[in-house]
Amino acid sequence: MRDIQDLENKALKFWPQKISDKEKNSSIIPKLIETQDKFISLLNISDANPFKWKDTLLSTKTLSGNLFLKHLIVLSDIGGEKLMRFKKELPEVFKKGMKFIWDGKTFTYKFQTLTDKSNWNNKNLSVDGEGLIKSVDLNPIMEDVCMLLLFGGSAINDNIPNDITEKCIIGTMLGKTNELETFVKQRYIWVSRITGGAEANTLGQLTQNYVKEYLEAKLPDWRINKDQLPKVSQNERTSLSVDIVAKSPTGKFCAVEVSFQVTTNSTIERKAGQAQARQELLHANGHKIAYVIDGAGNFARQSALKTICQYSDCTVSFHDSELDTLVKFLKTLK
């Protein structure tokens, strides 16, 4: 049985930066959906020429430069990793500028930051979770990326990456109200689905994802998923559902329950109430159960924690060194 004081001494207690950053990134989607009509309106009235969007953006208070760029990033599905790759690949492609067709005419855009030492990453573009908390005016690096995302698909230079040709097409819809509105709204319906709605963006869900990904990285031969344990039922009709199921290459199973609560609530009490019955059920079927417990709120419930530790085969906190302890435990199941 894990000593509660030892567990607390090795716990993080409060949300780690890596999880907070992911939550900030996830939470921007509702803001984008909320401002999609303003985004559409801005592009609709910017149909005089392919550079007019910049003047319109600079003259409005409804959209900041970084929020406008974030719309383009999400709509084109070209994120920070691809942009950093493009920054290295495109200087040769656009040596004399990006030549593109718009409304039947040829235009050239000379990039301002393509050959300098800056990175086209989310932080420099102010489109990461932290950057989007505040409004940032359009600057040269943002303008370059906006032009690429808007008109890259219409460029006629040689050797343009397929991702740009296929996805950077929003600029072709400038002034085409119905076409643009349909594209944007359908795209955001899809984005909402893949983010899984508000529940999938909660910090609690992100901690489960982090543990799952950590185990996958450390145990590449294992099957780690969010699933139900085979042939284990909590009653005659319902399979036992747990946060994570780890299956060894030899077919051994371990359920992993995850709880990270900064503020106190009843979640830990519920897990504690199920702990004994769950362990007995799993042991009867040859399986194990482990818990990843952290957060100041959970440690405020000592009685519940004691019960969980008593009926757990391995209890660890959210610290990476503690997750390594869980990995070592799982390896003993082979």
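This write-up is about the structure you can find in this document. Since the model is a prediction, treat every value here as computed from it, not as a measurement.

### A few points about helix H8 (residues 140-151)
- Over its 12 residues, H8 extends 16 Å from the first C-alpha to the last, a length consistent with the 16 Å expected when each residue adds 1.5 Å.
- In terms of residue burial, H8 counts as a mostly covered element, since 11 of its 12 residues are buried.
- For H8, the set of buried residues is Ile141, Met142, Glu143, Asp144, Val145, Cys146, Met147, Leu148, Leu149, Leu150 and Phe151.
- Buried residues belonging to H8 abut helix H5 (52-58), helix H6 (65-76), helix H7 (80-93), strand S1 (98-102), strand S2 (105-109) and helix H9 (162-167).

### Quick notes on the sheet that holds strand S8 (residues 288-294)
- Strand order across the open sheet formed by 5 strands is S3-S6-S7-S8-S9, with mixed pairing between neighbours. Every interior strand has two partners, whereas the edge strands, strand S3 (223-225) and strand S9 (314-316), have only one. Within this sheet the neighbouring strands show an average axis-to-axis angle of 15°, counted without direction.
- Note: strand S7 (residues 253-260) against S8, 7 bridges, orientation parallel. Bridging from a neighbouring strand, Phe260 pairs with Asp294 of S8.
- The strands that helix H13 (residues 267-284) touches are S7 and S8; relative to S8, the one it contacts most, it runs at about 165°.
- Lying over the sheet, helix H16 (residues 320-331) contacts strand S6 (244-247), S7, S8 and S9, oriented at roughly 165° with respect to S9.

### Overview of the pairing of S2
- Where S1 lies against S2, 5 bridges are found, and the strand directions are antiparallel. Residue pairing across strands places Phe100 opposite Phe107, the latter belonging to S2.
- Two successive antiparallel strands, S1 and S2, enclose a turn made up of 2 residues, where Asp103 displays a positive phi of approximately 55°.

### Here we look at the packing of H13 against helix H15 (residues 302-310)
- With their axes 8 Å apart at the nearest point, H13 and H15 run at an angle of 25° to one another. As far as their axial angle goes, H15 and H13 are roughly parallel. In this structure, H13 meets H15 at a crossing whose hand is left-handed. Packed against H13, whose contacting residues are Ile268, Glu269, Lys271, Ala272, Ala275 and Gln279, the element H15 presents Ala304, Leu305, Thr307, Ile308 and Gln310 at the interface.
- Considered class by class, the residues forming the contact of H13 with H15 number 6 nonpolar, 3 polar and 2 charged.

### Observations regarding the nonpolar core
- If you look at the biggest cluster of nonpolar residues, it comprises 55 residues, and the most contacted ones within it are Trp53, Phe68, Leu83, Phe94, Met98 and Leu148.
- Per-element tally for this core: the top contributor is H8, with 9 residues.
- Setting aside residues up to four positions removed in sequence, Phe68 forms contacts with Phe39, Leu42, Leu43, Trp53, Leu57, Leu63 and Cys146.
- Of all hydrophobic cores here, the second largest spans 26 residues; its members include Leu206, Val256, Val292 and Leu333.

### Some thoughts on the pairing of S8
- Burial of S8 is extensive: 6 of the 7 residues sit out of reach of the surface.
- Examined bridge by bridge, S8 and S9 share 3 bridges and lie parallel to one another. Bridge pairing links Val292 to Val316 in S9.

Conventions adopted
What you see as residue numbers is a count from 1 along each chain, following the sequence as written. Reporting of local features is limited, given that this is a predicted model, to residues whose pLDDT is at least 70; pairs of side-chain atoms are given and counted only at 80 or more, and all residues count toward the totals for whole chains, interfaces and linings. The side-chain quantities take in all heavy atoms of the structure and omit both hydrogens and water. Numbering goes from the N terminus for both helices and strands, where a helix is a DSSP run of H or I of at least four residues and a strand is a run of E of at least two. One fewer than the residue count of a helix, multiplied by 1.5 Å, yields its expected span. Each residue's exposure class comes from its accessible area (1.4 Å probe, protein chains only) as a fraction of the maximum for that residue type: buried when under 20%, exposed when over 50%, partly exposed otherwise. It only takes one pair of heavy atoms within 4.5 Å for two residues to be counted as in contact. At least two DSSP bridges between two strands are needed for those strands to be called paired. Lines fitted to C-alpha atoms define the axes here, with helix axes fitted over just the stretch in contact, and angles between the N-to-C directions of these axes take values from 0 to 180 degrees. Throughout this description, any angle smaller than 35 degrees is read as roughly parallel, any larger than 145 degrees as roughly antiparallel, any in the 65 to 115 degree range as roughly perpendicular, and the remainder as oblique. Crossings are sorted by hand: turned counterclockwise from the far helix by less than a right angle, the near helix makes the crossing left-handed, and turned clockwise it makes it right-handed. The residue classification treats Ala, Val, Leu, Ile, Met, Phe, Trp, Tyr, Cys and Pro as nonpolar and Asp, Glu, Lys and Arg as charged. All others, Gly included, are polar. Here, nonpolar core means buried Ala, Val, Leu, Ile, Met, Phe, Trp, Tyr and Cys residues that are tied together by side-chain atoms lying within 4.5 Å of each other.

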